[in-house]
Amino acid sequence: MQTESHLDFEEQKQCGAILRSLSGESSAEIRDWQLFYKAAPYGALPPHVSLENLNQGWASKRGLLDGIALRLRYSDEALHHSLCPTGMIESFVFEVLEQIRAESICPQELKGAKQNIEGQFIAWAQHYMTTGGAESSIGMLLIALFMTAWMRLNAKEMPQLLQDMVEATRAGLAEDTGALLKQLKANRFCQEEYSIASLALAKMVSGLIEEEYRNVPSIRVKKKRLIDSLLQIEWVPHSKTEAAGRAASSPVSPRDKRLQLQKNLSQYIVFDRQYDIEIEAKKKIRPAQLAAYQTELSDEIKRRNIPWAKLTRLYKNLFSSPAQNGWQTTESEGLIDRRYLIRAATSPLSEPLFRHRIHTPETNAKISLLIDCSGSMKEQRLEIAVWIDSLVRILEQAKVQTEVLGYSTSTWQGGRPYKAWRRSGNNPNPGRLNERAHWIFKDFHTPWRKARAGISAILRPEIYAESIDGEALLWAAERLKKIDRGQAINKKLILFSDGCPMDRATIQANGEDYLKEHLLHSIAWCEQEPDIELWGCGIGHEMRSAFKRRLSWEIEGNQSAEILMNWAAEINRSKE
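The structure contained in this document is the topic of the report that follows. Owing to the predicted nature of the structure, the values given are computational and were not obtained by experimental measurement.

Rules of the game
- Every residue gets a number counted from 1 within its own chain, in the order that chain's sequence is written.
- Per-residue local features of the predicted model are confined to residues with pLDDT of at least 70, and side-chain atom pairs are confined, for both listing and counting, to 80 or more; whole-chain, interface and lining totals are unaffected and use all residues.
- Side-chain numbers come from the whole structure's heavy atoms, not from hydrogens or water.
- Throughout, nonpolar core names a set of buried Ala, Val, Leu, Ile, Met, Phe, Trp, Tyr and Cys residues whose side chains join them through atoms within 4.5 Å.
- Working definition: with a 1.4 Å probe on protein chains only, accessible area under 20% of the residue-type maximum means buried, over 50% means exposed, and in between means partly exposed.
- Helical segments are the DSSP runs of H or I of at least four residues, strand segments are the runs of E of at least two, and each set is numbered from the N terminus.
- The contact criterion used is simple: two residues touch if any of their non-hydrogen atoms lie within 4.5 Å.
- What a helix should span is 1.5 Å times the count of its residues minus one.
- Directions are taken from the helix axis to each C-beta atom, and the arc is the one they span.
- Pairing between two strands is assigned when DSSP locates at least 2 bridges connecting them.
- For every element, the axis is a line fit to its C-alpha atoms; helices are fit only across the contacting stretch, and the angle between N-to-C directions ranges from 0 to 180 degrees.
- Here a salt bridge means any side-chain nitrogen of Lys or Arg lying within 4 Å of a carboxyl oxygen belonging to Asp or Glu.
- Note on terminology: angles under 35 degrees are roughly parallel, angles over 145 are roughly antiparallel, angles of 65 to 115 are roughly perpendicular, and the others are oblique.
- Two helices crossing with the near one rotated counterclockwise from the far one by less than a right angle form a left-handed crossing, whereas a clockwise rotation gives a right-handed crossing.
- Note on residue categories: nonpolar means Ala, Val, Leu, Ile, Met, Phe, Trp, Tyr, Cys or Pro, charged means Asp, Glu, Lys or Arg, and polar means any other residue, Gly included.

1. Digging into the nonpolar core
Piece 1. Tyr-315, Phe-319, Leu-369, Ile-388, Phe-441 and Trp-567 are the most contacted members of the largest nonpolar core, which totals 52 residues.
Piece 2. In terms of residue count, the dominant contributor to this core is helix 15 (residues 381–397) (nine residues).
Piece 3. Beyond its immediate sequence surroundings of up to four residues, Leu-369 is in contact with Ile-388, Leu-391, Val-392, Glu-403, Val-404, Leu-405, Ile-494 and Phe-496.

2. Some remarks on helix 13 (residues 308–319)
Piece 1. For helix 13, which comprises 12 residues, the first-to-last C-alpha distance of 16 Å matches the rise-based estimate of 16 Å (1.5 Å per residue) to within 8%.
Piece 2. Residues of helix 13 that are buried: Trp-308, Leu-311, Thr-312, Tyr-315, Leu-318 and Phe-319. One side of helix 13 holds all its buried residues, which, seen down the axis, span an arc of 125 degrees. Residues of helix 13 that are exposed and point more than 90 degrees away from the buried face comprise Arg-313 and Asn-317.

3. Quick look at unusual backbone geometry
Piece 1. Of note in the backbone geometry, Asn-305 takes a positive phi value of approximately 55 degrees without being a glycine.
Piece 2. With respect to the helices and strands, Asn-305 occurs in the loop between helix 12 (287–304) and helix 13.
Piece 3. For Asn-429, which is not a glycine, the phi torsion comes out positive at approximately 50 degrees.
Piece 4. Accessibility expressed as a relative area gives 51% for Asn-429, which makes it exposed.

4. Here we look at the sheet that holds strand 10 (residues 436–442)
Piece 1. Taken together, the seven strands give an open sheet; going across it, the order is 4-10-9-8-11-12-13, and neighbouring strands pair in mixed fashion. The open sheet has two edge strands with one neighbour each: strand 4 (277–280) and strand 13 (550–551).
Piece 2. For strand 8 (residues 365–372) and strand 11 (residues 490–496), the ladder comprises seven bridges, and the chain directions are parallel. Counted as the bridge partner of Ser-368 is Leu-493 from strand 11.
Piece 3. Each of strand 8, strand 9 (401–409), strand 10 and strand 11 is contacted by helix 15, which is oriented at about 170 degrees to strand 8, the strand it contacts most.

5. Thoughts on the pattern of salt bridges
Piece 1. Throughout the structure, instances matching the rule amount to 24 salt bridges.
Piece 2. Taking the shortest distance from any N to any O, the salt bridge between Arg-170 and Glu-167 comes out at 2.9 Å. Taken together, the positions of Arg-170 and Glu-167, both in helix 7 (residues 160–186) and three residues apart, correspond to about one turn of that helix.
Piece 3. What makes Arg-170 partly exposed here is its relative accessible area of 21%.
Piece 4. For Glu-167, a relative accessible area of 35% translates into the label partly exposed.
Piece 5. With a shortest N-O distance of 2.9 Å, Glu-435 and Arg-416 are connected by a salt bridge. Highlighted residues: Glu-435 in the loop between helix 16 (415–423) and strand 10 and Arg-416 in helix 16, separated in sequence by 19 residues.
Piece 6. We classify Glu-435 as buried; its relative accessible area is 3%.

6. Overview of the pairing of strand 8
As a general feature of sheets, a regular strand has side chains that alternate between the two faces.
Piece 1. Within strand 8, eight of the eight residues are buried, which leaves the element mostly enclosed by the surrounding structure.
Piece 2. Sheet topology note: the strand 8/strand 9 ladder contains seven bridges and is parallel. Residue Leu-370 lies in a different strand from strand 9, and its bridge partner there is Leu-405.

7. As for the packing of helix 4 (residues 88–104) against helix 6 (residues 137–154)
Piece 1. The geometry of helix 4 relative to helix 6 is characterised by a closest axis approach of 10 Å and an angle of 20 degrees between their N-to-C directions. As summarised for this structure, helix 4 and helix 6 are arranged roughly parallel, according to the angle between their axes. The crossing of helix 4 and helix 6 is right-handed. Residues Phe-92, Val-93, Val-96, Leu-97, Ile-100, Arg-101, Glu-103 and Ser-104 of helix 4 touch helix 6, and the partners they reach there are Leu-142, Leu-145, Phe-146, Ala-149, Trp-150, Leu-153 and Asn-154.
Piece 2. Grouping the amino acids of the contact of helix 4 with helix 6 by side-chain chemistry returns 11 nonpolar, two polar and two charged.

8. Focus on the packing of helix 13 against helix 22 (residues 560–573)
Piece 1. Contact geometry for helix 13 and helix 22: axes closest at 10 Å, N-to-C directions at 15 degrees. What the angle tells us is that helix 13 and helix 22 run roughly parallel. Helix-helix and strand crossings are classified by hand; for helix 13 and helix 22 the assignment is left-handed. Together, Lys-310, Leu-311, Leu-314, Tyr-315, Leu-318 and Phe-319 of helix 13 and Ala-561, Leu-564, Met-565, Trp-567, Ala-568, Ile-571 and Asn-572 of helix 22 make up the contact between the two elements.
Piece 2. Split into classes, the residues belonging to the contact of helix 13 with helix 22 amount to 11 nonpolar, one polar and one charged.

Spelled out as structure tokens, the structure:
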């Protein structure tokens, strides 16, 4: 699992501030080194401004960030997505040409930014050429086109060595590209007009590549050469619905946002709920087996030598705030105690006439811990149980109430709902097709010592199956909202998971993104709830950036104390 260090956190905040300053877009931010715009992932960026380049020695950090900022500032994303072709090569060429356009219209008064972005493009081109990116004819074709377009739009020359390397290819393209490049230059201040020429260039390049493929009989060679041609980056064409989805995810008012989220969530359906269960996990385990699990967990925690007193103080300070708990009377300074007004008149120099407020730390927080009990988490169940049991114990000593929940499915690959759907004729888009299982390991009202048997049920391998994350997240959030509703309480919901939702039957019947989209909508719903603070812990790389707040997760090394201290530090940083 990836660990997000304090240095990374601060550096991402700094990079986000640079983007917002130049672009003027207040929603621009970087999370887990991915660009977010209007509360959603921006998608793939052209290679010379890819955030992955930030850790490369050849890259200019300011040039890269300035390039992204200019793209946000001068490119209409919805228009770009509506015009973008669907083919891999065509969309790639179209994307790079739009980035070059946005950078080329940087105002002259922003001389520093202009120099930064020009230096970054040249540095990327040099790196690309020196690392063998142009060794294939297709790679040379693409870089020659990009360099020619960049020089034409910016009225700048590339280093002579680079020009010499692409000169033959550029000369061969001159007849076909000359007029289109002139159109790019003439229309660079009008994105829609500019796109006509850039689409034509993208189609032309795609046609040239297809023509070359016709002369290569081996499909394996074709695929290899195509991969080698894509400038050594992964490229996924943008979805036509991305821009519309982003616009919908950022309504003009909180009410509109809530209505949109409710609409999105209502599109998720369940084929049959009658087999769903919500149960205390320990009730599904024989008492003797449960006692064995509890012994195993206790022995493992003892072996860790966790500093309980130190961690308790740490978390108590984290969740405590000063509260007025009375008055200290007969003081020599402070507010006059009205009970002694007569004495104040008769003996004004008497010292014990005053009082002051007494403030002592008071904890007012509740935390719900939600555990993904999917098959991929089974091998880590002892480690997770140690973390959860230790955290619950520490938080209880710090006067913080906790609840521990889990989720999985009762069967693999659908079970009874899936069979019923098959019998009914395999109607398309049936919704969720598995038997959902929601596990209660500990509720808010059960103290840690009595709840240890329930927490040890995390060790039972049989509860680990497939996962339906979105429903579980909403379930846990609703339970957290109901506890002490209406009171000013710090409520946190922490999801422990290692990846995306996975239920084979549901995905096969509804499409790959059905469960993932529902989880994203559920996360967005939790994020907009004013009385819940959502955290993700150990979330797989594909989903990490969807969580605004994340806790690090490092399985290796059995360093439970360090992990618990890291979590406290990360929660504390979120207050800054």
